[in-house]
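Take a look at the letters that make up each chain.
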Amino acid sequence: MLFHELNRGKCKTYLLACPETRKAALIDPIKDKVDRYLAVLAYYGCQLDLVIDTHTHADHRTGTWDLRDLLGARVVMHRRAPAPHIDVHVDDGQQLPVGNLRITVLYTPGHTPDSISLCTEDRVFTGDTLLIRGTGRADFAGGDPGAQYDSITHKLFALPDETLVFPAHDYRGHTHSTIGEEKRLNPRLAGRAREAYVELMNNLGLPLPDKIQEALQANQSAIEDDSVPFPSLPQLSQVRQVTAAELQARIGSGAPPLLLDVREPDEFQGELGHIPRSVLVPLQELSGRTAELAPYKEQDVIVICRAGVRSATAAAILTGLGFEHVSNLKGGMLDWNDAGLPVER
Ligand SMILES: [Fe+2]
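Quick look at the structure, then. (Residues numbered from 1 in each chain as written. Predicted model: local features only at pLDDT ≥ 70, side-chain atom pairs only at ≥ 80, totals over all residues. Heavy atoms only, no water.)

Side chains that differ in charge, positive against negative, can pair when their charged atoms come close. Scanning the model with the defined rule gives 19 salt bridges in all. The shortest N-O distance in the salt bridge between D150 and R194 comes to 2.9 Å. Placement of D150 in helix α3 (residues 145-155) and of R194 in helix α5 (residues 194-202) is noted, with a sequence separation of 44 residues between them. On the basis of relative accessible area, R194 is assigned to the partly exposed category, the value being 39%. (Salt bridge = Lys/Arg side-chain N within 4 Å of Asp/Glu carboxyl O. Helix = DSSP H or I, 4+ residues; strand = E, 2+ residues; numbered from the N terminus. Buried < 20%, exposed > 50% of the residue type's maximum accessible area, 1.4 Å probe, protein only.)

This part takes up the layout of surface pockets. Taken as a whole, the largest pocket spans an internal volume of roughly 700 Å³. Residue assignment for the lining of the largest pocket shows that the elements contributing at least two residues are α6 (210-221), α7 (233-237) and α12 (310-320). The leading source of residues in the lining of the largest pocket is α6, at four residues. Of the residues in the lining of the largest pocket, the class split is 10 nonpolar, 12 polar and four charged. Of the voids in this model, the second largest pocket is the one considered here, and its volume is about 460 Å³. Taken together, 25 residues line the second largest pocket, and the ones lying closest to its centre are H111, L131, G136, R137 and Y171. (1 Å grid on protein atoms, 1.4 Å probe; cavity = no way out; pocket = protein on both sides within 12 Å on 5 of 7 lines; lining within 4 Å. Points joined across faces, edges and corners; volume = space filled by probe spheres on them. Nonpolar A, V, L, I, M, F, W, Y, C, P; charged D, E, K, R; others polar.)

Six octahedral donors around a metal ideally subtend angles of 90 or 180 degrees, whereas four tetrahedral donors ideally subtend 109.5 degrees. Looking at the metal site, the iron ion is ligated by H55 (NE2), H111 (NE2) and D128 (OD), spaced 2.1 to 2.3 Å from it. Each donor residue of the iron ion lies on the same chain, and together they follow the pattern H-x55-H-x16-D. In this pair, H55 sits in the loop between β4 (47-52) and α2 (64-71) while H111 sits in the loop between β8 (101-107) and β9 (116-120), placing the two residues 56 residues apart along the sequence. Of the residues examined, H55 reaches a relative accessible area of 1% and is grouped as buried. You can call H111 buried: its relative accessible area is 10%. (Donors = N, O, S within 2.8 Å, 3.2 Å for Na, K, Ca; no water.)

Summed over all chains, the structure comprises eight aromatic pairs. Centre to centre, the rings of F3 and Y14 are 5.8 Å apart; their planes meet at 10 degrees, and the pair counts as stacked. Of this pair, F3 sits in strand β1 (residues 2-5) while Y14 sits in strand β2 (residues 14-17), placing them 11 residues apart in sequence. For the pair shown, F3 and Y14 are each scored as buried. Taken together, F3, Y14, F125 and F166 form an aromatic cluster joined through their ring pairs. (Phe/Tyr/Trp six-rings, centres within 6.5 Å; stacked < 30°, edge-to-face > 60°.)

Taken in spatial order, the six strands of this open sheet run β7-β8-β9-β10-β13-β14, and their pairing is mixed. Edge strands, defined here as strands with exactly one partner in the open sheet, are β7 (95-98) and β14 (177-178). Note that β8 and β9 share four bridges and pair antiparallel. Residue T104 lies in a different strand from β9, and its bridge partner there is C119. (Pairing = 2+ DSSP bridges.)

In this fold, D261 is placed in strand β16 (residues 258-261). Overall, the relative accessible area of 0% leaves D261 in the buried class. Ignoring anything within four residues of it in the chain, the contact list for D261 reads F268, H274, V279, L280, V281, P282 and I304. (Contact = heavy atoms within 4.5 Å.)

What follows is about the pairing of strand β3 (residues 23-27). Along β3, four of the five residues are buried, which leaves the element largely enclosed by surrounding structure. Relative to β3, β2 runs antiparallel, the two sharing four bridges. When the bridges of β3 are listed, A17 appears paired with A24. Taking the residues that link successive antiparallel strands as the turn, the β2-β3 hairpin has five residues, and the phi of R22 there is positive, at about 65 degrees. Pairing analysis gives five bridges linking β3 to β4, with the strands arranged parallel. Bridged to L26 within β4 is V51. On the question of chirality, the crossover connecting β3 to the parallel β4 by way of helix α1 (residues 34-43) is right-handed. (Right-handed = clockwise from strand over helix to strand, strands pointing away.)

In this section: the sheet that holds β16. On the basis of which strands lie adjacent, the open sheet formed by five strands has the order β15-β19-β18-β16-β17 and parallel pairing. Edge strands, defined here as strands with exactly one partner in the open sheet, are β15 (240-242) and β17 (279-280). As paired strands, β16 and strand β18 (residues 300-304) are joined by four bridges and run parallel to one another. Bridge pairing in β18 places L259 opposite I302. Each of β15, β16, β18 and β19 (325-329) is contacted by helix α8 (residues 244-251), which is oriented at about 80 degrees to β15, the strand it contacts most. The strands touched by α12 are β16, β18 and β19; relative to β19, the strand with the most contacts, the crossing angle is about 175 degrees. (Axes fitted to C-alpha atoms, helices over the stretch in contact; angles between N-to-C directions.)

Read these as geometric descriptors, not functional statements.
Encoded structure:
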């Protein structure tokens, strides 16, 4: 296998390629370094087949969209990833061929709900789930320390001890570790039970810089220009949430709410379908089309998307524009479909 880490920094991007076919995959490419990736791919005579984000990143803008546009590579993320324009949604146990290489997906939520790890040959790419002598924070962007503990101890630590570990970040100059070393030496995990881990992760007291929120929202929505005035974290945290079951009950009531779907048109008609009688206004068009929605300013509005993330952004924007009764469908069309509720396509 042809293998390189390409960034030489704290944030890691990995190139994997099949030596026979020269088909390649990039794991966690960052937007600022796309030119470098193009040069490296050309130097090795590789054809980029897959670009895989291990999760929705909060610390940098993803390079996946640029690489797809430039090279026609397919973008791969977990099915819980909130963004539109993902070519291949994957789930636990799925295999991704790259020439004669096989990459196996492990669903390892916790850092985010869409975190995956990727196994191939003697190594595993752990994203921000398991770091070298650390773990990724689990205190925002849908993080869940208990789920993270389970992902690490049940899935990653079930791999052979000699498996090489390549994380998405390292802040101390390490290049890799092994599963066995992390079991023995990771200070967050060694000898720590689940409850103690959750307690530790909930009390790290790390700051939430505003810039991180900008990267996160751009990556969650695949909107890379300034067309959407992204709300701040406090504005987002005030958005009311309704579950799929609660929404179904309200649709059946005497005064059904306006169902505002903010996905892209291909998603509205796609695999997950849409809730009957919902109105489509893609997030990118929302600010320019509020006049159409003005009659609903004092009425109930439920905002809907794929995973309930873009719609939370839209709900916060509408609230800021004076819409008084806006709520977000928690878990979006993924939860709606998982609950077996009716859809149209
Ligand atoms: Fe991350």
